[in-house]
Amino acid sequence: MERTTWTTAEREALLLARYATHSSDTRGRRIPETEHPYRGPFQRDRDRILHSAAFRRLSGKMQVFTGERGDYHRTRLTHTQEVASIARTIGRALRLNEDLVEALALFHDIGHPPFGHAGEDALRECLAEHGGFSHNRHGLTIAEELEWRYTDQPGLNLSLEVLESQTTRVDKRGDGPAPLLEAQVVDLADSITYDAHDTDDAVKLGMVTLDELATIPLVRDTIDAVRRRYGAVTGHRLRKAVVHDLIDRQVGWLLEAGARELAEARFHNAEELRASGWRLAPAPEVTEAKRELEGFLYRRVYRHPDLVEVRRRAQRRLAELFQTYLQRPELLPELYQRRAAIHGLERAAGEYIAGMTDRFCDEQHARLVE
Ligand code: MG
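Residues numbered from 1 in each chain as written. Predicted model: local features only at pLDDT ≥ 70, side-chain atom pairs only at ≥ 80, totals over all residues. Heavy atoms only, no water.

*Asks:* Explain the overall build of the protein to me, and be specific about the residues and the numbers.
*Replies:* On a plain count of helices and strands, the protein comes out with 18 helices and zero strands. Relative to the compact-globule value of 21 Å for 370 residues, the protein shows a C-alpha radius of gyration of 22 Å, a close match. Principal axes of the C-alpha set define a box for the protein whose edges measure 60 × 55 × 45 Å. A total of 370 residues make up the protein; the buried ones form 52% of that total. Residue pairs in contact within the protein that sit at least 24 positions apart in sequence constitute 71% of those at least 6 positions apart. Summing over all exposed atoms, the protein offers an accessible surface of approximately 18,300 Å²; the carbon and sulfur share of this is 51%. When the 54 basic and 60 acidic side-chain charges of the protein are each reduced to a single mean position, those positions are 2 Å apart. (Helix = DSSP H or I, 4+ residues; strand = E, 2+ residues; numbered from the N terminus. Rg over C-alpha atoms; globule rule 2.2 N^0.38 Å. Buried < 20%, exposed > 50% of the residue type's maximum accessible area, 1.4 Å probe, protein only. Contact = heavy atoms within 4.5 Å. Areas by Shrake-Rupley, 256 points an atom, 1.4 Å probe, with all protein chains shown as cover. Lys, Arg positive; Asp, Glu negative; His and termini not counted. Charge placed at Lys NZ, Arg CZ, Asp CG, Glu CD.)

*Asks:* Got a sec to walk through the state of the cysteines? Specific residues and values, please.
*Replies:* Counted according to the given criterion, the structure contains zero disulfides. No disulfide involves C126; its nearest neighbouring cysteine sulfur is the one of C361, lying 10 Å away. You can call C126 buried: its relative accessible area is 17%. The class of C361 is buried, set by a relative accessible area of 0%. (Disulfide = S-S within 2.5 Å.)

*Asks:* Tell me about the coordination of the magnesium ion, and name the residues and values.
*Replies:* Looking at the magnesium ion, the protein donor atoms are H79 (NE2), H108 (NE2), D109 (OD) and D190 (OD), and they sit 2.2 to 2.5 Å from it. Motif for the magnesium ion, donor spacing along one chain: H-x28-H-D-x80-D. One end of the pair, D109, is in the loop between α5 (98–107) and α6 (116–126); the other, D190, is in helix α9 (residues 181–204), with 81 residues separating them in the sequence. Relative accessible area serves as the criterion here: at 3%, D109 is assigned to the buried category. For D190, a relative accessible area of 10% corresponds to the buried category. (Donors = N, O, S within 2.8 Å, 3.2 Å for Na, K, Ca; no water.)

*Asks:* I'd love a proper account of the nonpolar core, names of residues and values included.
*Replies:* As a rule of thumb, soluble globular proteins bury nonpolar side chains together. Counting 101 residues, the largest nonpolar core has Y19, I90, L213 and Y325 as its most contacted members. When near neighbours in sequence (up to four residues on either side) are disregarded, I90 contacts V185, A189, I192, V251, L254 and L255. (Core = buried A, V, L, I, M, F, W, Y, C linked by side-chain atoms within 4.5 Å.)

*Asks:* Describe the packing of helix α7 (residues 135–146) against helix α8 (residues 160–170), listing the residues and the values that go with them.
*Replies:* The relative placement of two packed helices comes down to the angle between their axes together with the axis-to-axis distance. Running from amino to carboxyl end, α7 crosses α8 at an angle of 155°, the nearest separation of the two axes being 8 Å. By the angle between their axes, α7 is roughly antiparallel relative to α8. Like other packed secondary-structure pairs, α7 and α8 cross with a definite hand, here left-handed. Contacts between α7 and α8 pair N136, R137, G139, L140, A143 and E144 from the former with L163, Q166, T167, R169 and V170 from the latter. (Axes fitted to C-alpha atoms, helices over the stretch in contact; angles between N-to-C directions. Parallel < 35°, antiparallel > 145°, perpendicular 65-115°, else oblique. Left-handed = near helix turned anticlockwise from the far one by under 90°.)

*Asks:* With reference to specific residues and values, describe the pattern of salt bridges.
*Replies:* With the rule as written, the count across this model stands at 37 salt bridges. A salt bridge links E98 to R92, with the nearest nitrogen and oxygen atoms 2.9 Å apart. One salt bridge in this structure joins E164 and R274, with 3.0 Å as the shortest N-O distance. Here E164, found in helix α8, pairs with R274, found in helix α13 (residues 270–276); they are 110 residues apart in sequence, far enough to count as distant. Within the structure, one salt-bridge network assembled from shared partners comprises R39, R46, D47, R88, R92, E98 and E102. (Salt bridge = Lys/Arg side-chain N within 4 Å of Asp/Glu carboxyl O.)

*Asks:* For unusual backbone geometry, give the residues involved together with the corresponding values.
*Replies:* We note that N157 has phi near 50°; this positive angle belongs to a residue other than glycine. Within the fold, N157 resides in the loop between α7 and α8. For N157, a relative accessible area of 12% translates into the label buried. Residue R266 is not a glycine yet carries a positive backbone phi of 50°. Following the sequence through the fold, R266 ends up in the loop between α12 (235–265) and α13.

*Asks:* Give a description of helix α4 (residues 76–93) that names residues and reports values.
*Replies:* In this model α4 runs 26 Å from its N-terminal to its C-terminal C-alpha over 18 residues, within 8% of the 26 Å that 1.5 Å per residue would give. If you check which residues of α4 are buried, you get R76, L77, H79, T80, V83, A84, I86, A87, I90 and G91. Buried residues along α4 sit in contact with α3 (53–56), α5, α6, α9 and α12. R95 sits one or two positions beyond α4 and adopts a positive phi of about 60°. (Expected span 1.5 Å × (residues − 1).)

*Asks:* Run through the packing of aromatic side chains, naming residues and quoting values.
*Replies:* The full count for this structure, using the stated rule, is three aromatic pairs. When the ring of F267 is compared with that of W278, the centres are 6.2 Å apart and the planes differ by 55°; the resulting orientation is tilted. Here the residue F267 occupies a position in the loop between α12 and α13, and W278 occupies one in the loop between α13 and α14 (284–302), the gap between them amounting to eleven residues. We classify W278 as buried; its relative accessible area is 13%. When the centroid spacing of 5.5 Å and the interplanar angle of 65° are considered together, the rings of Y325 and Y352 count as edge-to-face. Placement of the pair is Y325 in helix α15 (residues 305–327) and Y352 in helix α17 (residues 345–354), with a sequence separation of 27 residues. For Y325, a relative accessible area of 0% puts it in the buried group. (Phe/Tyr/Trp six-rings, centres within 6.5 Å; stacked < 30°, edge-to-face > 60°.)

Take a look at the structure:
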């Protein structure tokens, strides 16, 4: 008779490589839980992240462009979904734990404050004397202290693998064992994703043209490859084909090098891989080509005077709102008033603001400051 169900362990024993993070090897959670009958531990992590308020609010947080520029471009949520998609592709091809990859991808930007990196810089300044601010570290605070499930304990009680992988994002000094390969994949997918979608958004929004981008060898080669395959495509079709190819080529190169090196290394398990310090990485010439594209995006898009001005105004609003909460702490929701008593008012006000969407932050500013 045909088997209709598989346990997670059976499924993973069949599909995952030896160097992958197997669910049966999980170190568990801070508060022990019994196993779920049909969901593995990292599936449960993914679901807890997906169902958290902080995750949903990513839809109202900007990636690079604010809502003033229409509704074509990426938000922090769609960026996250694209990262998850590309990371799962890489993870599946390398026979890694796709559930863990997905959980880490959905989690990776959950600590982002409103207004992207500009908001992060503003919060860091507000909290300079009070421990600073990092969106990666704030992701851990959300997971461990700010989110509440249906239990009487704060936090999502995620697996130690997810928490530890996020910790390696906070501290990138690189000493100690390498991050789990699943976490490395998410980091690499993040970079592939934003290079491609920021290029797409910038061209679509008319900030740069594909002709200007073609001065960068990586983009020029990509355009040539697209034209060889599809003929003389132009306009939107060319832009979309270039973005598709930028992702596809980078993923292909990474997999080619990664699969070859993994086959040669013959790691027996995930721990051995980590202890060896081996890192999944694109070839040096790919890293250099990406650096050129990122330099171009930095000069022409991220530092564009219009964007700099929008960000400067957002930073001012955020800082004014922060000051308002310091002067009138009774405006903070109860959870944050309680946290103020323990962690200090500045920290609690900063955490509250960090959780806001761009629009909610603007609304609070309009209501309380203006
Ligand atoms: Mg990201």
